[in-house]
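# Structure assessment
Each chain is listed here by its residues.
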Amino acid sequence: MPLRRCLPVILVAAALVAGCASNSTIAPRYTTDNPDLLRIGGERPSNPDVRTENAGSYCMEINERWNEHGKTPDGQVLWAKDTLRRVVPCQ
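## Regarding the pattern of salt bridges
Should their charged atoms come close, side chains of opposite charge can pair. In the structure shown here, the tally under the stated rule is 4 salt bridges. Among the ionic pairs, Glu64 bridges to Arg51, the shortest N-O distance being 3.5 Å. With a gap of 13 residues between them, Glu64 in strand β3 (residues 59–71) and Arg51 in strand β2 (residues 51–54) connect regions that are remote in the sequence. Overall, Glu64 belongs to the buried group, its relative accessible area being 12%. Several salt bridges converge on common partners, so that one network encompasses Arg51, Glu53, Glu64 and Lys81.

Quick look at the structure:
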């Protein structure tokens, strides 16, 4: 009697384990068409100068910095550009 109650639960658990075990991992692809956003390996790229853009009724100061954002599976450094923007008075 207890086996009849437990058998459906055991079968569902076995099906879930078998389904998860057969799932293959997707290999990451580290490429981009825009090297101004992401670079792989090498030394840290130089940070561009701070610039100010006129947005009509206000101006934005744009500060871009390259930072390390992890490594590829083969050990190369991933460099990504962080962009900081703040509103400043136009001059």
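On we go from here.
## Topic: the state of the cysteines
Going through the model one piece at a time under the given rule, you end up with 1 disulfide. Disulfide partner of Cys59: Cys90, at an S-S distance of 2.0 Å. Note on the Cys59 and Cys90 pair: the S-S dihedral is about 115°, so by sign convention the disulfide is right-handed. With Cys59 in strand β3 and Cys90 in the segment after β4 (77–88), this pair connects stretches of sequence that are 31 residues apart. On the basis of relative accessible area, Cys59 is assigned to the buried category, the value being 6%.

## A short note on the sheet that holds strand β1 (residues 38–40)
Judged by pairing direction, the sheet is antiparallel, and its 4 strands sit side by side in the order β1-β4-β3-β2 without closing on themselves. Edge positions in the sheet fall to β1 and β2, since each of these pairs with one other strand and no more. Taking each pair of neighbouring strands and ignoring which way they run, the sheet shows an average axis angle of 30°. Here β1 runs beside β4; their pairing, made up of 3 bridges, is antiparallel. Bridge pairing in β4 places Leu38 opposite Ala80.

Conventions adopted
- Residues numbered from 1 in each chain as written.
- Predicted model: local features only at pLDDT ≥ 70, side-chain atom pairs only at ≥ 80, totals over all residues.
- Heavy atoms only, no water.
- Salt bridge = Lys/Arg side-chain N within 4 Å of Asp/Glu carboxyl O.
- Helix = DSSP H or I, 4+ residues; strand = E, 2+ residues; numbered from the N terminus.
- Buried < 20%, exposed > 50% of the residue type's maximum accessible area, 1.4 Å probe, protein only.
- Disulfide = S-S within 2.5 Å.
- Pairing = 2+ DSSP bridges.
- Axes fitted to C-alpha atoms, helices over the stretch in contact; angles between N-to-C directions.

All quantities given are derived from atomic positions and should not be read as evidence of function.
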